[in-house]
Amino acid sequence: MPQPQSHLRQTATRHTRQQDLRILIILSALMSFASVSTDLYLPAMPTITRELHAAAGSIEFTLSGFLIGFSLGQLIWGPVGDRFGRRLPIALGLVLFIVGSAGCALSATMVQMVFWRVVQALGACAGPVLARAMVRDLYARERSAQMLSTLILFMAVAPLLGPIIGGQIMAIGSWHNIFWVMVGLGFVALYGVWQLPESLSAEQRSQEPFSRVFANYAELLRNGRVMGFALTSSFYYCSFYAFIAGTPFTYIDFYHVSPQLYGLLFGVNVLGIMSTNFFNGRLIARFGSEKLFYIGAVIAAAAGSLLGIDAYFGWGGLAGLAIPFFVFASMNGFIVANAVAGALAAAQHNAGACSSLVGAMQYGSGILSASLVGWLADGTPWPMGAIIALMALLCSLTAIGMRQHGKGQRQGCDISS
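Residues numbered from 1 in each chain as written. Predicted model: local features only at pLDDT ≥ 70, side-chain atom pairs only at ≥ 80, totals over all residues. Heavy atoms only, no water.

Turning next to the overall build of the protein. Regarding its fold elements, the protein presents 18 helices and zero strands. Within the protein, the fraction of its 417 residues that count as buried is 55%. Counting only carbon and sulfur atoms, one obtains 67% of the accessible surface of the protein, whose full area is about 17,500 Å². (Helix = DSSP H or I, 4+ residues; strand = E, 2+ residues; numbered from the N terminus. Buried < 20%, exposed > 50% of the residue type's maximum accessible area, 1.4 Å probe, protein only. Areas by Shrake-Rupley, 256 points an atom, 1.4 Å probe, with all protein chains shown as cover.)

Core analysis: the biggest nonpolar cluster contains 116 residues, and Leu27, Leu30, Ile48, Phe179 and Tyr236 have the highest contact counts within it. When residues of this core are assigned to their parent elements, the largest contribution, 15 residues, is made by helix 12 (residues 224-254). Discounting residues that sit within four places of it in the chain, Phe179 has contacts with Tyr41, Ile48, Ser101, Cys104, Ala105, Met113, Arg117 and Gln120. (Core = buried A, V, L, I, M, F, W, Y, C linked by side-chain atoms within 4.5 Å. Contact = heavy atoms within 4.5 Å.)

Moving on to unusual backbone geometry. Phi is positive for His53, which is not a glycine, with a value near 55°. We note that His256 has phi near 55°; this positive angle belongs to a residue other than glycine.

Within the secondary structure, Ser233 is located in helix 12. A polar atom in the side chain of Ser233 sits 3.0 Å from the backbone oxygen of Phe229. Excluding its chain neighbours within four sequence positions, the residues that come into contact with Ser233 are Ile335, Ala339 and Gln362. (Polar contact = N/O pair within 3.5 Å; in protein donor to acceptor, adjacent residues only side chain to side chain.)

Let us now look at the state of the cysteines. Across all of its chains, the model carries zero disulfides by this definition. A disulfide-free cysteine, Cys395 has its sulfur positioned 10.0 Å from the sulfur of Cys238, the nearest such atom. (Disulfide = S-S within 2.5 Å.)

Next up on the list: helix 12. Between its first and last C-alpha, helix 12 extends 43 Å over 31 residues, near the 45 Å set by a 1.5 Å rise per residue. Gly246 marks where helix 12 bends most, by close to 45°; the proline Pro248 follows one to four residues later. Burial analysis of helix 12 places 24 of its 31 residues in the buried class, the great majority of the element. The backbone nitrogen of Arg225 lies 3.1 Å from a side-chain oxygen of the residue at the head of helix 12, namely Asn223. Backbone geometry just after helix 12 places His256 at a positive phi near 55°. (Expected span 1.5 Å × (residues − 1). Bend = angle between axes of the 7 residues up to and from the residue.)

Let us look at the confidence of the model for the protein. The pLDDT averaged across the protein works out to 82; a share of 86% of its residues lies at or above 70. Mean pLDDT across the secondary structure elements of the protein bottoms out at helix 1 (residues 5-31), with 65, and peaks at helix 14 (residues 289-313), with 93. (pLDDT = per-residue confidence, 0-100.)

Moving on, we come to the packing of helix 13 (residues 259-287) against helix 16 (residues 332-347). The geometry of helix 13 relative to helix 16 is characterised by a closest axis approach of 7 Å and an angle of 55° between their N-to-C directions. When the axes of helix 13 and helix 16 are compared, the pair comes out oblique. Crossing angle aside, the handedness with which helix 13 passes helix 16 is right-handed. Along the contact surface, helix 13 presents Ile273, Thr276, Asn277, Asn280 and Ile284, while helix 16 presents Asn332, Gly333, Phe334, Ala337 and Asn338. Looking at the contact of helix 13 with helix 16, its residues break down into four nonpolar, six polar and no charged. (Axes fitted to C-alpha atoms, helices over the stretch in contact; angles between N-to-C directions. Parallel < 35°, antiparallel > 145°, perpendicular 65-115°, else oblique. Left-handed = near helix turned anticlockwise from the far one by under 90°. Nonpolar A, V, L, I, M, F, W, Y, C, P; charged D, E, K, R; others polar.)

Counting through the fold element by element, Arg117 comes out in helix 6 (residues 110-124). In this structure, Arg117 is buried with no salt-bridge partner, the nearest side chain bearing the opposite charge being Asp39 at 8.6 Å. When sequence neighbours within four positions are dropped, the list of residues in contact with Arg117 reads Ser37, Thr38, Tyr41, Thr62, Leu63, Phe66, Cys104 and Phe179. (Lys, Arg positive; Asp, Glu negative; His and termini not counted. Salt bridge = Lys/Arg side-chain N within 4 Å of Asp/Glu carboxyl O.)

Attention now goes to helix 10 (residues 176-193). Taking 1.5 Å per residue as the helical rise, helix 10 with its 18 residues ought to reach 26 Å, and the 26 Å between its terminal C-alpha atoms agrees with that figure. Among all positions of helix 10, only Ile178, Phe179, Met182, Val183, Gly186, Ala189, Leu190, Gly192 and Val193 are buried.

To continue, consider a nonpolar patch on the surface. Where nonpolar side chains cluster on the molecular surface, the patch consists of Val268, Leu271, Ile295, Ile299, Phe326 and Val327 and spans about 430 Å² of accessible area. If you list the elements that add at least two residues to the nonpolar patch, you get helix 13, helix 14 and helix 15 (317-330). You can see Leu271 is positioned in helix 13. Its relative accessible area of 44% is what places Leu271 among the partly exposed residues. (Patch = residues over 30% accessible without salt bridge, like charges linked within 9 Å, V, L, I, M, F, W, Y side chains within 5 Å.)

The next subject is the packing of aromatic side chains. Within this structure, the stated rule accounts for 23 aromatic pairs. On the numbers, 5.9 Å between centres and 55° between planes, the contact of Tyr41 with Phe179 is tilted. Taken together, the residues Tyr41 in the loop between helix 2 (33-39) and helix 3 (45-51) and Phe179 in helix 10 connect sequence positions 138 residues apart. For the pair Tyr41 and Phe179, a shared accessibility class is recorded, and that class is buried. Site record: aromatic cluster; members linked through ring pairs are Tyr236, Tyr237, Phe240, Tyr241, Phe243, Tyr251, Tyr262, Phe266, Phe325 and Phe328. (Phe/Tyr/Trp six-rings, centres within 6.5 Å; stacked < 30°, edge-to-face > 60°.)

Before going further, it helps to examine the environment of Ala297. Within the element layout of this structure, Ala297 appears in helix 14. In this structure Ala297 comes out as buried when scored by relative accessible area, which is 0%. When the C-alpha positions of Ala297 and Ile335 are compared, they lie 6.5 Å apart, and in sequence the two are 38 residues distant. Those residues in contact with Ala297, other than ones at most four positions away along the chain, are Thr232, Ile335, Cys395, Ser396 and Ala399.

Let's shift gears to the pattern of salt bridges. Inspection of the entire model under this criterion finds one salt bridge. Of the charged contacts, one joins Glu290 and Arg225 as a salt bridge, the two residues approaching to 2.3 Å between their closest N and O atoms. Of this pair, Glu290 sits in helix 14 while Arg225 sits in helix 12, and the two are 65 residues apart along the sequence. You can call Arg225 partly exposed: its relative accessible area is 31%.

As structure tokens, this is what we get:
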């Protein structure tokens, strides 16, 4: 006896939801590789510096080196993904990540560590850039912003657990084991990739020669909307990476926090990120992604400025840094997903190249801030606080300028019509 149509539809809907959930989980894991590669070893940074007999502040260059590789790699993987599809480039990137992680575990000098961190990053960046492009392949503008918020909400588990797990590994073993854990995670992700469907069919793939890649990037750089979203989120990332580079020493050395407690303090910020990403996905339909984007940038600037003031005067001690940064970090939910969705929508075509450019600018901006924290280190929280405050203000000013320019364009269109 044939089944009723309603039952068949319910079965098909349930199967689709299960498939979407599986895809969502795998994409979230791929997008989390930047966090896994940085947050997991943060509690070990002071110990690595001592055991490798390196100069004070030199460990920050392992973060800067990672960001260099991560930024440059994205410029390559995006166009490769547009040409050959998404799955194969992601898998090749994961193999490179595994090799780099093993190299870090076996490093005997800081120079070796920085080199293998670059290799690790060149592979790690394939997952995030092509996962974002896959979202753009499958969903339209507003829906893609919602999906990106959901992805960030899921992937926030990595930075939440990363420092905590890293601290526990340090409690029971050496810092080398942290990178061996990364090797294992790379193999798990590699298995997950083969469970993904290919989101870019052969008919949709770019047939342009790679000589056109730089011309495509030049076209995106001339796109005011793309650059507005990219620059605002890049300044935000500058502040974020100044915090990531500075807090292991500020918290552990200056305020004498244990590596285990540091992991918990860092993880609290991720709860804020998860919360705003949750609300962002639900508020977009009511307010629109751009309005939430601007609100997030303004609040981030206020919180970053307060943190800088607290860092200079020492107000509130550890809490004077942790509380403002919690507010600042929470704005990630309103800034990052909406910025990426807005830039991809403005680019229209070449989603992979646009995702590469935006990602390269976001993580590349961290190179400057992480290096500055190392160069300006004076044993106090002030250099970190100053960089966070400055970049947060630039984030807000760029967003406000972009909004005013958009209003001017709309008014001009109204007058001319």
